[in-house]
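Fold and contact review
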Amino acid sequence: MNAPLEDSLTPQIRVEDDRTGLSITTLRSALADNLFYIQGKFPGTATKNDYYMALAYTVRDRLLQRWLNTTQTYRKNVKVVCYLSAEFLIGPQLVNNLINLGIYAKIRQAVEESGLSLQELIEQEEEPGLGNGGLGRLAACYLDSLSTLEIPAIGYGIRYEFGIFDQEIRDGWQVEITDKWLQYGNPWEIARPEEYVEVKFGGRSEHYYDEKGNYRVRWIPDRVVKGVPYDTPILGYQVNTANTLRLWKAEAIESFDFQAFNIGDYYGAVDAKIVSENLTKILYPNDEVIQGKELRLQQQYFFVSCALQDMIRLLLSTEVSLETFHQQFAVQLNDTHPAIGVAELMRLLVDEHRIDWDKAWHITQNTFAFTNHTLLPEALEKWPIELFGRLLPRHLEIIYEINQRFLDRVRMKYPRDLGKLSRLSLIDESGERYVRMANLACVGSHAINGVAELHTELLKKTVLKDFYEFFPEKFANVTNGVTPRRWMVLSNPRLTRLITEKIGDRWITHLDDLRKLETLADDASFRQQWRQIKQETKGDLAAYIRKKLDIIVDPKSLFDIQVKRIHEYKRQHLNVLHVITFYNRLKHDRDLDITPRTFIFGGKAAPGYFMAKLIIKLIVSVANIVNNDPDVRDRMKVVFIPDFNVTLGQRIYPAADLSEQISTAGKEASGTGNMKFALNGALTIGTLDGANVEIREEVGAENFFLFGLTTEEVYGLKARGYRPFDYYNQNAELKAVIDLISSGFFSHGDVDLFKPLIDNLLYRDDYMLLADYQSYIDTQEKVSQAYRDRENWTRMSILNVARMGKFSSDRSIREYAQKIWKVEPVPVELLQLCPGGQ
Ligand code: 475
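The structure presented is a predicted model; accordingly, all values stated were derived computationally and were not measured.

Take the pattern of salt bridges next. Applying the stated criterion across every chain, the model contains 71 salt bridges. Residue E113 is joined to R28 by a salt bridge in which the shortest nitrogen-to-oxygen separation is 3.9 Å. Of this pair, E113 sits in helix α5 (residues 104-113) while R28 sits in helix α2 (residues 24-37), and the two are 85 residues apart along the sequence. Of the residues examined, R28 reaches a relative accessible area of 35% and is grouped as partly exposed. Among the salt bridges present, the one from K613 reaches E176, with a minimum N-O distance of 2.7 Å. Of this pair, K613 sits in helix α24 (residues 610-627) while E176 sits in strand β4 (residues 173-177), and the two are 437 residues apart along the sequence. On the basis of relative accessibility, which here comes to 29%, the residue E176 falls in the partly exposed class. Each of R192, E195, D231, R246, D310 and R313 takes part in one network of salt bridges that share partners.

Okay, structure coming up:
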């Protein structure tokens, strides 16, 4: 079309616009403007945080065009992926947005010419800690890839006022500090109070016949809460797409609380407001264990109901029939936390929109897909029927109905198999009655996936065996991945520069391109540069450790790092057994020619998980002895870095030589830290567990330090009767290590302190540390030997990176898109411009 000139706005106008222009002058004046007009400060009185906020708004202005156009584009009948997750651990936003917009260098120049330090402003940002660990961080990587691949998507979750606690270490013990991430404001979110929805709780259901004589049910709640959406843009890497992360905050409904419900009772009404707002106050800090708290079920239902109502509203606003819901939306359940969505969508369709049951069920099943993230039995969600029925009476009826229809099919297929029937039932009736959320998710979804090949196979053989036999066609594997934008470009700029110099920058969105580095592994000068970069990056971490903890570590020593949640199955204490073995060897032979090591740990323990907290205490206690022992000085150091989070991960992964992935085989569903380390050039010491198996397959067995029992051997040994005490008795070095801990050597003579840990190892050892000890120690010795041949180590490091292409979250998302969601990319055009100047 040949539009008249008056109506078409030229890009030049935008370039000069303070709100969006990209010249250094424009950026500088935007920064100054925002400081004055938004933060309300003169440069002389502004705090660092004011400057950070002014900068963040400067960047936000420059992404709104993409964001609003993306939202517009999705109004036009495209299939949208809705990723439902109780956790999104997105990490700091500023640098990621600069990189994805491609304006990092310009902003740096503008900031520095304004007399400020970009690095200092970057460090002001509070990361949104809206997740515990793996599952929440995976959701964040997936949002990044969805946008980068231009796939229409919305992330739905909860806007916790307090995210995962900040961890401090006092006297070796973890202390939890409230995470007040919102206290100075969050420049990356936009509240949309006008798009609120209402969520009901409690009360009863009423069965009746409508005006046409049809049997209907309505829910008469005894409480209604308002859900207010807060939107955060998720930019793709150098594309126009900016998808939305929509997090819901609970608020009181004034009319409900203040008038109808509590007439004349002002204090009661204020109480009701507090109760409503409590719903989204705090993230439950438990990783892979359920607590069964009523508030947690309320949170789950709250955000899932908000999300589904939002989707229905979106669909109806386009005048498309609700009966096409499953063609418009693919809804992914990130573990069972949002599984109540199956019953909620049925309720919305059947009760509120009067679609008949069979049609509604077809829509529901074709909408949902379910990802399982853990095999640990203590993480399997189940809710006592009494609690469930009190909170969600109508959903319980719907679940009974789904169950009855499902079990009728089971009876047809397996007549007289009562065991099958009771295992497949959505209701656990073995004692106190429970609703089983995994069963609900399996029955209500068309696809079920594990997060690594081994994990999916184990799901099919163990926890979901009966479901696999009943619906084999629903099962698929999608191995996890991580985003190379945050976990390489952002966190490892030196290596990014070197790689890009050699092979171009296509690898950032096509990670398989890293293969081109393989031949460079034989190039001595390239190896030299590679080593140099690792050295500098280790130097940065050493400086951080010195500044924060006053511990001096040698960047030339081997950096041996384990960072992840503290959990017995992840076996940080096996790592400690090696640390003490290493120490004992040095003590017994002062002249031992040992490869110097720095042992680095980090991770949070669930506040109620005593054994995990005791493991932290043990690490710190061992560190205190070792670091102050002149006999081992310069040859070993032990460091526990407090408050491991995304921001710290960005410093730590790139600085590792050795990545510890040492879970008991069969327990770690996938792991994603393993991928972040290897992508940044660390070699892995690990068991055949989770994605370690696939990493080893990709990088080559000769470039991976494997040890320990296999899953089958673990099961076999358990079945034959595992006796950890025998390993202790028969292994002098192991015995010496355990006895040293028991003697009080690391605890100022207190022989009781670590007794629970030691007794557990000697008499139970559910995670088989003692069975794997010798193999681990021997393999660590191989690591030490290998590190001495620096050329070959560097070769292995380069080959690891070169072969990590598979573990990009872009690959994972492509698989979900093809196998499960059936969605296509929808590129966004920056068509609609802002009124007023554009
Ligand atoms: C696995 N969290 C990793 C990662 O797939 C895997 C469970 C219940 C309540 C609260 N949090 C949880 C998890 O189950 C979890 O984080 N699982 C992890 O998911 C992503 O890489 O192996 O342990």
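Text resumes after the structure shown.
To continue, consider the site of the ligand. The environment of the ligand is made up of 17 residues, and the closest members are E288, H373, N480, E668 and G671. Between L135 and the ligand, the recorded distance is 3.0 Å, taken from a backbone N or O atom to an oxygen atom. The contact in question runs from an oxygen atom of the ligand to an N or O atom on the side chain of N480, over 2.8 Å. In the complex, 97% of the free accessible area of the ligand, which totals 510 Å², lies under the protein chains. In the shell around the ligand, the residues fall into five nonpolar, nine polar and three charged. Both of domain 2 (78-91 + 128-402 + 441-480) and domain 3 (484-502 + 513-708 + 767-807) provide at least three residues apiece to the shell around the ligand.

This paragraph deals with the domain arrangement of the protein chain. For the protein chain, the assigned domains read domain 1 (1-76 + 92-126), domain 2 (78-91 + 128-402 + 441-480) and domain 3 (484-502 + 513-708 + 767-807). Here domain 1 and domain 2 have C-alpha centroids that lie 33 Å from each other. On the domain 2 side, the residues contacting the 29 residues of domain 1 number 34 residues. Counting the surface domain 1 buries against domain 2, the share from its top three residues, W67, Y74 and N100, is 30%. In this structure, the connection of domain 1 to domain 2 is made through zero salt bridges. The interface formed by domain 1 and domain 2 includes 13 residue pairs in polar contact (both at pLDDT 80 or more). At the level of secondary structure, the elements contributing two or more residues to the side of domain 1 that touches domain 2 comprise α3 (48-73) and α4 (94-101). The element that contributes the greatest number of residues to the side of domain 1 that touches domain 2 is α3, accounting for 15 residues. Its residues assigned to classes, the side of domain 1 that touches domain 2 comprises 14 nonpolar, nine polar and six charged.

Turning next to the packing of helix α12 (residues 341-352) against helix α15 (residues 393-413). Between α12 and α15, the least distance of the axes is 9 Å, while the angle of their chain directions is 100 degrees. By the angle between their axes, α12 is roughly perpendicular relative to α15. Of the residues in α15, those in contact with V342, A343, E344, M346, R347 and D351 of α12 are R394, H395, I398, I399 and I402. A breakdown of the residues in the contact of α12 with α15 according to their chemical character gives six nonpolar, one polar and four charged.

Below, the discussion takes up the pairing of strand β9 (residues 223-235). Among the 13 residues that make up β9, 13 are buried, leaving the element largely enclosed by the rest of the structure. What you see with β9 is no split at all: R223, V225, G227, P229, D231, P233 and L235 on one side and V224, K226, V228, Y230, T232 and I234 on the other are buried throughout. Direction of pairing for strand β5 (residues 190-191) relative to β9: antiparallel, over a ladder of two bridges. By the bridge assignment, A191 is partnered in β9 with Y230. Direction of pairing for strand β6 (residues 197-201) relative to β9: antiparallel, over a ladder of five bridges. Counted as the bridge partner of V197 is G227 from β9. Judged from the eleven bridges that link them, β9 and strand β10 (residues 242-252) form a sheet pairing that is antiparallel. Directly across from I234, in β10, lies its bridge partner N243. Between β9 and β10, which follow one another and run antiparallel, lie six residues, and Q238 among them has a positive phi close to 50 degrees.

Conventions used here
- Residues numbered from 1 in each chain as written.
- Predicted model: local features only at pLDDT ≥ 70, side-chain atom pairs only at ≥ 80, totals over all residues.
- Heavy atoms only, no water.
- Salt bridge = Lys/Arg side-chain N within 4 Å of Asp/Glu carboxyl O.
- Helix = DSSP H or I, 4+ residues; strand = E, 2+ residues; numbered from the N terminus.
- Buried < 20%, exposed > 50% of the residue type's maximum accessible area, 1.4 Å probe, protein only.
- Near = heavy atom within 4 Å.
- Polar contact = N/O pair within 3.5 Å; in protein donor to acceptor, adjacent residues only side chain to side chain.
- Areas by Shrake-Rupley, 256 points an atom, 1.4 Å probe, with all protein chains shown as cover.
- Nonpolar A, V, L, I, M, F, W, Y, C, P; charged D, E, K, R; others polar.
- Domains from an automatic or database assignment.
- Contact = heavy atoms within 4.5 Å.
- Buried area = accessible area lost by both parts, 1.4 Å probe.
- Axes fitted to C-alpha atoms, helices over the stretch in contact; angles between N-to-C directions.
- Parallel < 35°, antiparallel > 145°, perpendicular 65-115°, else oblique.
- Pairing = 2+ DSSP bridges.

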